[in-house]
Amino acid sequence: MNMQCPRKWVKLRDLARLSFICVKEKPGVYLVRLIKNGKPLQICRFGNIDRNGIVYIGATSIRAKRPNLRKRIRDLWRSLEQAYKLRKMGKRWYHTLGITLVYSSLINHVDIDDFEIWWKTYDQPVKTKYGKIPEKEYADMQEKAALLEYTRRYLEPPPLNLQLGRQYYAIVGIGIVGKSRCNVPLDPDIKNMLFSSDT
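Here the structure is a predicted model, which means the values were calculated and not measured.

Let's shift gears to the packing of helix α4 (residues 135-154) against helix α6 (residues 188-195). Where α4 contacts α6, the axes come no closer than 11 Å and their chain directions differ by 35 degrees. The handedness of the crossing between α4 and α6 comes out as right-handed. Residue-level contacts link Gln142, Ala146, Glu149, Tyr150, Arg153 and Tyr154 of α4 to Ile190, Lys191, Leu194 and Phe195 of α6. Across the contact of α4 with α6, the residue classes break down as six nonpolar, one polar and three charged.

In structure tokens form, the structure reads like this:
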């Protein structure tokens, strides 16, 4: 029942109804997009129009002892429930996406059913030209590579990735030099989901 990655986008609410059982409890990367009338919302960016409607790129935390993508995506859903007042507000936000929706006032323009998600998990160390990279490090590197590719294409990060620190952009310099194991190529599955609708 668990999937390394689905072949297509999944409505976040539908995934929640299944208790996120399709998502492995492993390190991984996820993409969130907005849809309207069953089609990706086209988002004007500085560099071009994002025809896939990508609003957020995330991954499991590299600092976690046992990174768990199912928990991360469940927390993202809980933060949306908090933002849309479907869940009682606790002491903290479960995920930055919910508070970002409120902060940006985007919550007044999109419905909770307008969110779709796609993910990919990594079950074992990944072979690269730099040797084997542990899966939790690789997931972190793929998140950074996806953010970098998106930012290069559209000249800015996805609109709801507001908490990007300097460490995310440090990879730009590493990528130019190309001599670091941090400079892994973007996973083709992730690249396909990020840019498949672009022309």
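Take the pairing of strand β2 (residues 28-36) next. Within β2, eight of the nine residues are buried, which leaves the element mostly enclosed by the surrounding structure. Where β2 meets strand β7 (residues 115-121), seven bridges bridge the pair, whose relative direction is antiparallel. Each residue of the ladder has a partner; that of Val32, found in β7, is Ile117. Strand direction decides the pairing type here: β2 and strand β6 (residues 54-59), joined by five bridges, are antiparallel. Pairing of Val32 across the sheet is with Tyr56, part of β6.

In this section: the nonpolar core. Counting 29 residues, the largest nonpolar core has Leu15, Ile73 and Trp119 as the members making the most contacts within it. For this core, the secondary structure elements donating two or more residues are α1 (12-17), β2, β6, α2 (69-83), α3 (96-104) and β7. Top element by residues in this core is α2. It accounts for six residues. If sequence neighbours within four positions are ignored, Leu15 has contacts with Val10, Phe20, Cys22, Val23, Ile73, Ile117 and Trp119. Counting 25 residues, the second largest nonpolar core, distinct from the first, contains Val29, Leu31, Ala59 and Ile133.

Quick look at the pattern of salt bridges now. Considering all chains together, one arrives at 13 salt bridges under this definition. With its nearest N and O atoms 3.4 Å apart, the salt bridge here joins Arg70 to Glu25. Placement of Arg70 in helix α2 and of Glu25 in the loop between α1 and β2 is noted, with a sequence separation of 45 residues between them. Taking the relative accessible area as the measure of exposure, Glu25 reaches 49% and is therefore partly exposed. Among the salt bridges present, the one from Lys120 reaches Asp187, with a minimum N-O distance of 2.9 Å. Of the two residues, Lys120 sits in strand β7 while Asp187 sits in the loop between α5 (166-177) and α6, which places them 67 residues apart along the sequence. Of the two residues, Lys120 and Asp187, both sit in the buried class. Residues joined by salt bridges that share partners form a network here, namely Lys71, Asp75 and Arg78.

Basis of the calculations
- Residues numbered from 1 in each chain as written.
- Predicted model: local features only at pLDDT ≥ 70, side-chain atom pairs only at ≥ 80, totals over all residues.
- Heavy atoms only, no water.
- Axes fitted to C-alpha atoms, helices over the stretch in contact; angles between N-to-C directions.
- Helix = DSSP H or I, 4+ residues; strand = E, 2+ residues; numbered from the N terminus.
- Left-handed = near helix turned anticlockwise from the far one by under 90°.
- Contact = heavy atoms within 4.5 Å.
- Nonpolar A, V, L, I, M, F, W, Y, C, P; charged D, E, K, R; others polar.
- Buried < 20%, exposed > 50% of the residue type's maximum accessible area, 1.4 Å probe, protein only.
- Pairing = 2+ DSSP bridges.
- Core = buried A, V, L, I, M, F, W, Y, C linked by side-chain atoms within 4.5 Å.
- Salt bridge = Lys/Arg side-chain N within 4 Å of Asp/Glu carboxyl O.

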